[in-house]
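Observations on chain architecture
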Amino acid sequence: MVIYEHGSWRSRWSRLWKRLFHIIGPNLSVRRTVNILTMAADRAFLRPQVRGRPFTMYLEISSVCNLRCPGCLSHDKSYHARLMPLEEFWQILDHYAPYLVDLELYGWGEPFLNKQIFDMIRYAKRCCLFVRTSSNFNCFEPGDHERIVRSGLDQINASIDGVSPDTYEQYRIGGSLEVALDNLRKLIETRKRLGAKRPIVEWQFIVSRINYKEIESVKKLATETGVDILRLDLPFSLPHIDEVNDPTAELRWLADDPDFRQWANTFRPDAYACARACSYLWSSLQVDAEGQVNPCPNRIGSKVQCGLATSRPLRDIWNQALFVEGRKLFAAKPEAPPSFHGPCRECKEGMQPWKAIWPELVDVSPERHENIKQLDCPPKIRPRDAS
């Protein structure tokens, strides 16, 4: 078992190996190679108008969930509740697959509530993609463990943030730790019984003030369970629960350990969590369960729809106004404060140098997205509704 911990060279090399030889290696083509190198250059130079296409896609096949985690959009009344049909999934993947290497088959909801997920995985594998999904492991039906293994899925993340019921249920509201662990063991046992090496099973343990005391216990339990990866380098995210602008939120959610306080003090106007530019705007595309393109899979970006994913050529979608203006926010040496008021301006994940120069211009008011309607977004209509 590999443990991903903050600052661990072992975990960094393990992740690099997995990406190079499990994601890119078997699936590489000339087109994908050229595209990855092009996008890498675009991001290195922070070009707002990009020449390449996204090579990672976050595809939300379910925006409904059986749990009620704090702040999750799946039970937010302003967010849609939908299971993506298989036919729509085919259309989207056909539109993007020639450039993709990595398909992240999840969003805000629970993917396994969409019972067509196994057909979706098989189709994505025929497109020569590395396919990963993430689950709370609380809604599997009899036979699902074998279906997962036989589908060809490359990796599955088990979101289990505690090793005691009291700790686990403080965030995974409505979930059962016993059920999640039982399903985790059954999946690993099924994989072993079938003599398969996939899917890679990763236990995702998001570290917060609530579960920090259980880190040593989860290491022991993960070893006993037989997972391939235990991920402990994920600090609890305040933007995820929509409390990034609340100075008191860190006292409720963030651990005292400096390694897990990435989001501490992000309520300051010029604050950011990662000292680098956003990666989503240059390499990844989010498509929600309604088939609409979003700026990114994070909370802010997920609530902004930029048009049907198959409505126009990929290059036009990837270089529409919202994306171009969003990339400009990360300019290393801004010459003037931005006039753009889209969702990326509010984000505090990546470093936006202009915020340190003009902190008084950082807008966190409810009207911050008022000019989104002026962006070049096509109508929210699916082909089957056009008549």
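Just so you know, these numbers come straight off a predicted model, no measurement behind them.

**What about the overall build of the protein chain?**
- Along its length, the protein chain carries 15 helices and nine strands.
- For the protein chain, buried positions account for 55% of its 387 residues.
- When the accessible area of the protein chain is evaluated, it comes to approximately 17300 Å², of which 53% is carbon and sulfur surface.

**Some details on the pattern of salt bridges**
- Within the structure shown, the criterion is met by 23 salt bridges.
- Residue Arg-150 is joined to Glu-146 by a salt bridge in which the shortest nitrogen-to-oxygen separation is 2.8 Å. Placement of the pair is Arg-150 and Glu-146 together in helix α5 (residues 144-151), with a separation of four residues, close to one helical turn.
- Assessed through its relative accessible area of 55%, Arg-150 is described here as exposed.
- With its nearest N and O atoms 3.8 Å apart, the salt bridge here joins Arg-299 to Asp-242. A residue pair is termed long-range when its members are at least 10 positions apart, and Arg-299 in helix α11 (residues 299-302) and Asp-242 in the loop between β7 (229-231) and α9 (249-253) qualify at 57 residues.
- Overlapping salt bridges bring together Glu-5, Glu-216 and Lys-219 as one network.

**Concerning the side chain of Thr-190**
- In this fold, Thr-190 is placed in helix α7 (residues 177-193).
- By relative accessible area, Thr-190 is classed as buried at 9%.
- Here Lys-186 takes part through its backbone oxygen, which lies 2.7 Å from a polar atom of the side chain of Thr-190.
- Excluding residues within four positions of it along the chain, Thr-190 makes contact with His-145, Glu-146 and Val-149.

**Brief notes about the side chain of Gln-204**
- Locating Gln-204 in the fold gives a position in strand β6 (residues 200-204).
- We classify Gln-204 as buried; its relative accessible area is 13%.

**Some points on the packing of helix α4 (residues 117-126) against α5**
- Contact pair α4 / α5: the axes reach a minimum separation of 9 Å and the direction vectors enclose 10°. When the axis of α4 is compared with that of α5, the two are roughly parallel. In contact with Phe-118, Ile-121, Arg-122 and Lys-125 of α4, α5 contributes Asp-144, Arg-147, Ile-148 and Ser-151.
- Residues that form the contact of α4 with α5 fall into these classes: three nonpolar, one polar and four charged.

Conventions and cut-offs
- Residues numbered from 1 in each chain as written.
- Predicted model: local features only at pLDDT ≥ 70, side-chain atom pairs only at ≥ 80, totals over all residues.
- Heavy atoms only, no water.
- Helix = DSSP H or I, 4+ residues; strand = E, 2+ residues; numbered from the N terminus.
- Buried < 20%, exposed > 50% of the residue type's maximum accessible area, 1.4 Å probe, protein only.
- Areas by Shrake-Rupley, 256 points an atom, 1.4 Å probe, with all protein chains shown as cover.
- Salt bridge = Lys/Arg side-chain N within 4 Å of Asp/Glu carboxyl O.
- Polar contact = N/O pair within 3.5 Å; in protein donor to acceptor, adjacent residues only side chain to side chain.
- Contact = heavy atoms within 4.5 Å.
- Axes fitted to C-alpha atoms, helices over the stretch in contact; angles between N-to-C directions.
- Parallel < 35°, antiparallel > 145°, perpendicular 65-115°, else oblique.
- Nonpolar A, V, L, I, M, F, W, Y, C, P; charged D, E, K, R; others polar.

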